[in-house]
Every structure is written in C-alpha cells, then in structure tokens.
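Listed below, chain by chain, are the residues.
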Amino acid sequence: MTTVESYVISNNKLKNWKHEICNFWFVPKLCIPICCLYSLPCALGKIAGKTNIYCFGTSYKKNYIFLLIMYMIFQSFFIIDTLLVYRYIKLSPEYLWVYPFIYYGWWVLFFMFGGIIYKLRIGIRNKYNIAGDSGTDMLMSFCCQEITTIHLAREVDIEQPCGCSKPDEYEPMLEPHEVDQWITATNVAATNVRVIEVT
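Residues numbered from 1 in each chain as written. Predicted model: local features only at pLDDT ≥ 70, side-chain atom pairs only at ≥ 80, totals over all residues. Heavy atoms only, no water.

Quick look at a nonpolar patch on the surface now. A surface patch of nonpolar side chains, about 980 Å² in accessible area, is lined by Val85, Tyr86, Tyr88, Ile89, Tyr99, Tyr103, Tyr104, Trp107 and Phe111. The biggest single contributor to the nonpolar patch is helix H4 (residues 98-127), with five residues. Note on placement: Trp107 falls in helix H4. (Patch = residues over 30% accessible without salt bridge, like charges linked within 9 Å, V, L, I, M, F, W, Y side chains within 5 Å. Areas by Shrake-Rupley, 256 points an atom, 1.4 Å probe, with all protein chains shown as cover. Salt bridge = Lys/Arg side-chain N within 4 Å of Asp/Glu carboxyl O. Helix = DSSP H or I, 4+ residues; strand = E, 2+ residues; numbered from the N terminus.)

Next comes the structure, spelled out in structure tokens:
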C-alpha cells in the first residue's frame, strides 16, 4: 500500500472584523427584525448554528428553544414591570413581593443574554482568529446587545435572522495573503511529496 504525506498550512496572523460595529444601519434586513421586531433570540440561535457555539445543550434545536423561552419570559417581565411602574396594575398589600421579583428577575435575564452574546463573540474571535480583547467583548455584549448581535450576524454571513431552520456552517473566505500562502504551500507540497511504501 502507498500513502502520501500531507501538508498542513497554519497562519497565526490575527484578522479584523469584516464590518465596523456601528455600521448596522446599512443592513435593514438585520437591523429591523433584531432591534424592532423582537428577533434577538432567533438571531442568536442562527449565529450559534452557523458557528456551532452553543450556550445551552449541544444541539441547535435545544439551544434555539431555550433562547426563545428565555426571551419570552424576559419580555413578559418587562411588560409587567412597566404596567406596575405606571400603575396600570395595582397590587394588594399581600402581593407586593411580586414587584421586586419581576424587577430583579428582568435584570437577571438581561445579564444572562449579555453572557450569551459575550460567549458567542469571544468564541467567534477565537475560532476564526479575529483580533480583539475580552474587555471590549464584555463591554459590547452587555451594553449594546442588539447592535453586537447584528455585528456577529454580519460576520458569519447571516442575511435573514428570522426562522427556525438550522443554517449551514459558516466557512470564512481566505484573505489575499492567505490565498498566496495556500498556493505557495500547495506548490511546495506538489514538488516535495514523500511517498512512503507500507508493506
């Protein structure tokens, strides 16, 4: 039997994000659903499916369902809290404990979503060799959740954040210098193949 020794190309040069984070207004297909139509959990699920970076479970379906349930509770708490603050709903004395439960529950879910976005952002940076630091990732993930989600969706080529179907895995395009390295390494491999005879 004859085998051919393979060559592996490695490149440790860090890349930049493909888009500026504040350019989200140029993509209304992402901006409007995520910022205005409550599609944040759908977009996060799609990003996780594209990159195989899951926060809940090890499958796209489980992660997606958990994100939807979390977001429904999150928005319900927000609506109830608003109604209580503006006194559209009045609580009797024995139910006054409900307000702090709703209020602090909303903040817990808010930070949980920030943590999910942070895990996706830092995971994408590490997986696709993108320059950055944990401090910036944390700041963007907790303070600009929708904008950061749009930024991540653009990075992994998500054009439609709505829908439940699992997207195809993201495969980043090679940059020009990486293409040159690949061609050079391929030519070297073609002229320096070591054939090993196995008996």
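Picking up after the structure, the text goes on.
Okay, the nonpolar core next. One finds Leu44, Ile47, Phe113, Ile116, Leu120 and Ile124 to be the most contacted residues of the largest nonpolar core, which totals 39 residues. Sorting the residues of this core by element identifies helix H1 (28-36), helix H2 (40-51), helix H3 (60-85), H4 and helix H6 (145-155) as the ones contributing at least two each. The element best represented in this core is H4, accounting for nine residues. The residues touching Ile47, leaving out its near neighbours within four places in the chain, are Leu120, Ile124, Thr149, Leu152, Ala153, Val156 and Ile158. (Core = buried A, V, L, I, M, F, W, Y, C linked by side-chain atoms within 4.5 Å. Buried < 20%, exposed > 50% of the residue type's maximum accessible area, 1.4 Å probe, protein only. Contact = heavy atoms within 4.5 Å.)

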